[in-house]
Amino acid sequence: MSQYVKRILDDFKYSLYEFNTEDIPSLYIGGGTPSMLGADLVCRLVNGLNEIWHGRNKKQIQDSSAEITMEANPESCSLQLLSAAKDAGVNRLSLGIQTFNEQSRKLIGRIGEAGGLGKKLELAANIFAENFSVDLISGLPLQNKKSIKDDINRVIAYKPAHISLYSLIVEQGTPLADNAASGKIKLPSQDAADRLWIFGRDLLEESGYKQYEVSNFCFQGRESRHNLRYWRMENWLGLGPAASGTIIYDSAGTGLRFTNISDTAKWQNRTASVIPPRTAEQLDRQTLIKETMMMGFRLLEGPNTESFKHRFNKNIEDIIPRTIASWRDRRLMRPDKTALTADGLLLLDRFLIDAFEEL
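No experiment lies behind these values; they were computed from the predicted model shown.

**Considerations on the overall build of the protein chain**
- Within the protein chain one finds 16 helices and 10 strands.
- For 359 residues, the compact-globule formula gives about 21 Å, and the C-alpha radius of gyration of the protein chain, at 21 Å, lands near that figure.
- Here the C-alpha coordinates of the protein chain stretch approximately 55 × 55 × 40 Å along the principal axes.
- Burial analysis of the protein chain (359 residues in total) assigns 48% to the buried set.
- The contacts of the protein chain with a sequence gap of at least 6 include a subset with a gap of at least 24, amounting to 64%.
- For the protein chain, the separation between the mean place of its 45 positive charges and that of its 45 negative charges on side chains is 1 Å.

What follows is the structure, encoded as structure tokens:
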């Protein structure tokens, strides 16, 4: 683990110079269960990132009011870990609760007892004072309106600023997929799962959490600033095995995507060079237009039209006029904005198929 953290810091130092990084508006420690590092190594990681950034421009990352988020699963959370992370500069926590239903948790292979989740939420609320996010999942086995309502009510009692409500995705080749295919686990039908998610969405909206993205809700002004960078197709650096980064060249309307190798041992044990072993992909203009729309239309506010025009020298409405007109006629796109309505977001995949066919 210590060597792993060292390699993350090596990647950071190299990437800053490679891409001439001038600003770090957000830092997200995630992509797995970083809380398993423990308090000492989380501190070493955050402090190390700060030291490298300070050596480059004489400022700490948090000096620029950066959002610094750490993901954590409840079973690896402790007072020591969260306090140490907060002291090191982490100012936002993302906690993966998923559900309080013990049977549903066991059927999808979640570790940790549901009975202890309330204590972890209380810990998060005490240390991060409402600046924390909670993940919930709908469409789980044995889930119904009563259980999802219970999940939401129990979470909002701790007043997280941000809640993500995801639909369960069954990945092929996983134990969950195998158990569902064999009938060992019975999942809700797609229609039933969709109804559950919509029920959960409405509950969150009624509780003061505004939907701002397909699966994300928050109090006013408490959106995830880091995730907004993905949805707005802005630059980000990816550090660590399997991490992906994207650099946008606005003046050319193109970009570069690099992805580090996923083999942790090869990534960690390299000795020949500080260059992270990775692959690179050039994003041509057409690809970047598609990705900018694919990500931007996930937002309730839609893509940033000014940024789109600056990047591609064209308005979105000039590129896909028939699709936009059709979806407006069906009242699934806002009349005043190039953005889908809340009901339109439920059909995002269909909208993108229409848009890409017109492209």
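Once you've had a look at it, read on.
**Topic: the side chain of Glu358**
- Along the chain, Glu358 turns up in helix α16 (residues 348-358).
- Side-chain polar atoms of Glu358 contact the backbone nitrogen of Arg322, separated by 3.0 Å.

**Regarding the environment of Lys86**
- Mapped onto the elements, Lys86 comes out in helix α3 (residues 79-88).
- Sequence separation of Lys86 and Phe128 is 42 residues, and the distance between their C-alpha atoms is 7.8 Å.
- Dropping the residues within four chain positions of it, Lys86 is found in contact with Ile127 and Phe128.
- At a separation of 2.8 Å, a polar atom in the side chain of Lys86 contacts the main-chain carbonyl oxygen of Ile127.

**A closer look at the sheet that holds strand β8 (residues 244-249)**
- Here we have three strands laid out as an open sheet, ordered β8-β9-β10, and antiparallel in their pairing. One side of each edge strand has no neighbouring strand; the edge strands of this open sheet are β8 and β10 (278-283). Pairs of neighbouring strands in the sheet enclose a mean axial angle of 15°, with direction left out of account.
- Alignment of strand β9 (residues 254-260) against β10, held across six bridges, turns out to be antiparallel. Within β10, the residue paired with Thr259 across the bridge is Thr279.

**Here we look at the packing of aromatic side chains**
- Per the stated rule, a full pass over the model turns up nine aromatic pairs.
- Among the aromatic residues, those joined into a ring-pair cluster are Phe297, Trp327 and Phe351.
- Between Lys86 and the ring centre of Phe128, over which it is positioned, the NZ or CZ distance is 5.6 Å.
- One Lys or Arg, Arg278, reaches over the ring of Phe258 and ends 4.6 Å from the middle of that ring.

**Thoughts on helix α12 (residues 305-312)**
- Residues of α12 that are buried include every one of Phe308, Arg311 and Phe312, and no others. Around the axis of α12, the buried residues are gathered within 75° of arc, so they sit on the same side. Structural note: α12 exposes Glu306 and His310 on the side pointing more than 90 degrees away from its buried face.
- Tucked inside the fold, the buried residues of α12 contact β8, α11 (285-296) and α13 (316-319).
- At the N-terminal end of α12, a side-chain oxygen is found 3.1 Å from the backbone nitrogen of Glu306, two or three residues along, and the residue is Asn304.

**As for the pattern of salt bridges**
- On inspection of all chains with the given rule, the structure shows 17 salt bridges.
- For Asp11, the salt bridge identified is with Arg270, shortest N-O distance 2.5 Å. Linking Asp11 in helix α1 (residues 2-18) with Arg270 in the loop between α10 (264-268) and β10, this pair joins segments that are 259 residues apart in sequence. Of the two residues, Asp11 and Arg270, neither departs from the other in class, the shared state being buried.
- Through salt bridges that share partners, Lys6, Arg7 and Asp10 make up one connected network.

**Digging into the state of the cysteines**
- Enumeration over the complete set of coordinates arrives at zero disulfides.
- Cysteine Cys77 is unpaired, with the sulfur of Cys43 as its nearest cysteine sulfur at 14 Å.

**Some points on α3**
- Here α3 has its buried residues at Leu81, Leu82, Ala84, Ala85 and Ala88. Along the axis of α3, the buried residues cluster in a sector spanning 165°; they form a single face. Summarising the geometry of α3, the exposed residues directed more than 90 degrees from the buried face are Leu79, Gln80 and Asp87.
- Gly89 occupies a position one or two residues after α3 and carries a positive phi of about 125°.

**Quick look at the packing of helix α14 (residues 321-329) against α16**
- Their axes nearest at 8 Å, the elements α14 and α16 cross at an angle of 150°. When the axis of α14 is compared with that of α16, the two are roughly antiparallel. Judged by residue contacts, Pro321, Arg322, Thr323 and Trp327 of α14 engage Arg350, Phe351, Asp354, Ala355 and Glu358 from α16.
- Here the contact of α14 with α16 is composed, by residue class, of four nonpolar, one polar and four charged.

**Brief notes about the side chain of Ser138**
- Inspection of the secondary structure assignment puts Ser138 in strand β4 (residues 132-138).
- Here Ser138 falls in the buried class, since its relative accessible area comes to 1%.
- The contact partners of Ser138, leaving out residues within four places of it in the chain, are Gln143, Ile148, Leu165, Tyr166, Ser167, Leu168, Ala193 and Trp197.

**Notes on the environment of Gly55**
- Among the structural elements, Gly55 can be located in helix α2 (residues 39-57).
- The sequence separation of Gly55 and Lys13 amounts to 42 residues, and the corresponding C-alpha distance is 9.9 Å.

Scoring rules and cut-offs
- Residues numbered from 1 in each chain as written.
- Predicted model: local features only at pLDDT ≥ 70, side-chain atom pairs only at ≥ 80, totals over all residues.
- Heavy atoms only, no water.
- Helix = DSSP H or I, 4+ residues; strand = E, 2+ residues; numbered from the N terminus.
- Rg over C-alpha atoms; globule rule 2.2 N^0.38 Å.
- Buried < 20%, exposed > 50% of the residue type's maximum accessible area, 1.4 Å probe, protein only.
- Contact = heavy atoms within 4.5 Å.
- Lys, Arg positive; Asp, Glu negative; His and termini not counted.
- Charge placed at Lys NZ, Arg CZ, Asp CG, Glu CD.
- Polar contact = N/O pair within 3.5 Å; in protein donor to acceptor, adjacent residues only side chain to side chain.
- Pairing = 2+ DSSP bridges.
- Axes fitted to C-alpha atoms, helices over the stretch in contact; angles between N-to-C directions.
- Phe/Tyr/Trp six-rings, centres within 6.5 Å; stacked < 30°, edge-to-face > 60°.
- Lys NZ or Arg CZ within 6 Å of the ring centre and 35° of its normal.
- Arc of directions from axis to C-beta.
- Salt bridge = Lys/Arg side-chain N within 4 Å of Asp/Glu carboxyl O.
- Disulfide = S-S within 2.5 Å.
- Parallel < 35°, antiparallel > 145°, perpendicular 65-115°, else oblique.
- Nonpolar A, V, L, I, M, F, W, Y, C, P; charged D, E, K, R; others polar.

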